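Per-entry structural report
Residue strings, one per chain:
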Amino acid sequence: RPEEALETTAGAGATADGDGIELMGTRGTLRLPHAREHCLEKPFARKSSQYCVATTAQKQANKVHCDMCYCWVCDSLVKDCSDWESHCMATDKEQRW
């Protein structure tokens, strides 16, 4: 149930305007499709600059994905991507894509 997707608890320093709220945990987390670069399950290996060439290790790490990752280029789940070998490094930060 979405209304149970996130629980928060006010920290000791919480104020009326919301400062000081801490996330203590999740329960029944609702998993939604997300860009590969935003995956919390499989960390994304970022290049130091959009002008740098990705290392083999970065490409290998980014090929691995969860079942909810989608391809930034194809705008579809990775399993339906036409060229994941190339698209695995795509982000919204690079003009190339």
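The preceding data block contains the structure.
All of the points below concern the structure found in this document. The structure presented is a predicted model; accordingly, all values stated were derived computationally and were not measured. (Residues numbered from 1 in each chain as written. Predicted model: local features only at pLDDT ≥ 70, side-chain atom pairs only at ≥ 80, totals over all residues. Heavy atoms only, no water.)

**Here's the deal with unusual backbone geometry**
Non-glycine residue Asp75 carries a positive phi angle of around 55 degrees. Mapped onto the fold, Asp75 is located in the loop between β4 (69-71) and β5 (76-77). (Helix = DSSP H or I, 4+ residues; strand = E, 2+ residues; numbered from the N terminus.)

**Re the sheet that holds β4**
If you walk across this open sheet you meet the 3 strands as β3-β4-β5, and the pairing is mixed. Among the strands making up the open sheet, the edge pair consists of β3 (34-35) and β5. Judged from the 2 bridges that link them, β4 and β5 form a sheet pairing that is antiparallel. Bridge pairing in β5 places Tyr70 opposite Leu77. (Pairing = 2+ DSSP bridges.)

**Things to note about the side chain of Ser76**
Mapped onto the fold, Ser76 is located in strand β5. With sequence-adjacent residues up to four places away left out, Ser76 is seen in contact with Tyr70, Cys71 and Cys81. (Contact = heavy atoms within 4.5 Å.)

**Things to note about the environment of Ser76**
Taking the relative accessible area as the measure of exposure, Ser76 reaches 18% and is therefore buried. Note: C-alpha distance between Ser76 and Pro33 (43 residues apart in sequence) is 9.3 Å. (Buried < 20%, exposed > 50% of the residue type's maximum accessible area, 1.4 Å probe, protein only.)

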